[in-house]
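# Summary of the model geometry
In case you want the letters, here they are:
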Amino acid sequence: MNIPKLLICSSLIFSPLAWGVDVLEFNCKRSEKGYTEEYEMRMTLASGAQKAKIFLDDRDLDRSDMYGTQVVKSITLARPNILILIEANFQPEEIMDVSYPAGNVITNITLDPVTGKFKKVEKIQGGILGATIGNGIHISEETCFPSKAPYRTK
């Protein structure tokens with residue numbers, strides 16, 4: 001880890017002012033079966049009438065269309081971790097003449113910005129994901145390190 005990242009990570013843990021931020025930005029890496037994907041994650045914390053938001057490569061994770069909905073339910077700063085809850089519900093669908101029932105996924109993420117450990121626990125029930133990946137609890141890990149010092153938008 002280089003010095004700027006070490007300083008940013010230290011500020012997240014030791015500075016009481018750092019937790020009074022509106023926006024957190026991370027560079028993340030996911031590796032699975034010989035494939036590696038890098039992406040940027042930006043979290044905008046809830047304040048007043050504004051709800052918590054997460055953007056992956058500038059794509060808002062709060063989505064709704066004819067196939068279903070996905071909502072960031074909460075982002076909680078619980079030193080030293082950041083806890084994230086995301087819920088997704090999918091409508092029944094037919095793909096290549098195969099019918100899939102409605103489904104849902106509840107995702108709990110724990111991110112330690114100091115170590116970069118990003119642990120995702122997904123509870124999958126039904127839908128195309130249940131049919132292809134399997135119903136039940138699925139756990140995966142990635143790495144995410146702060147890319148910028150936390151900041152306020154105001």
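The text that follows walks through the structure, step by step, so that each part is easy to find.

### Section: the pairing of strand β7 (residues 81-90)
Sheet topology places strand β6 (residues 68-78) next to β7; ten bridges connect them, and they run antiparallel. Directly across from valine 71, in β7, lies its bridge partner glutamate 87. Between β6 and β7, which pair antiparallel in sequence order, lie two residues. When β7 meets strand β10 (residues 103-111), the two strands line up antiparallel, connected through nine bridges. Within β10, the residue paired with glutamate 87 across the bridge is isoleucine 106.

### Examining the pairing of β6
By the bridge criterion, three bridges tie strand β5 (residues 63-65) to β6 in an arrangement that is antiparallel. From the neighbouring strand, arginine 63 faces β6, where its bridge partner is glutamine 70. Hairpin connection from β5 to β6: two residues lie between these consecutive antiparallel strands.

### Some words on the environment of arginine 79
Checked against the element boundaries, arginine 79 lands in the loop between β6 and β7. Through-space distance from the C-alpha of arginine 79 to that of proline 113 is 9.7 Å; in sequence the pair is 34 residues apart.

### A few points about the nonpolar core
Counting residues in hydrophobic clusters, the biggest one holds 20 residues, and the most contacted among them are Phe26, Met41, Met43, Ile54 and Ile75. Looking at this core, the elements with two or more residues in it are β1 (23-32), β2 (35-44), β3 (53-56), β6, β7 and β10. Look past the residues within four positions of isoleucine 75 in its chain and what remains in contact with it is Met43, Thr44, Leu45, Ala52, Lys53, Ile54, Ile82, Leu83 and Ile84.

Definitions and cut-offs
- Residues numbered from 1 in each chain as written.
- Predicted model: local features only at pLDDT ≥ 70, side-chain atom pairs only at ≥ 80, totals over all residues.
- Heavy atoms only, no water.
- Pairing = 2+ DSSP bridges.
- Helix = DSSP H or I, 4+ residues; strand = E, 2+ residues; numbered from the N terminus.
- Core = buried A, V, L, I, M, F, W, Y, C linked by side-chain atoms within 4.5 Å.
- Buried < 20%, exposed > 50% of the residue type's maximum accessible area, 1.4 Å probe, protein only.
- Contact = heavy atoms within 4.5 Å.

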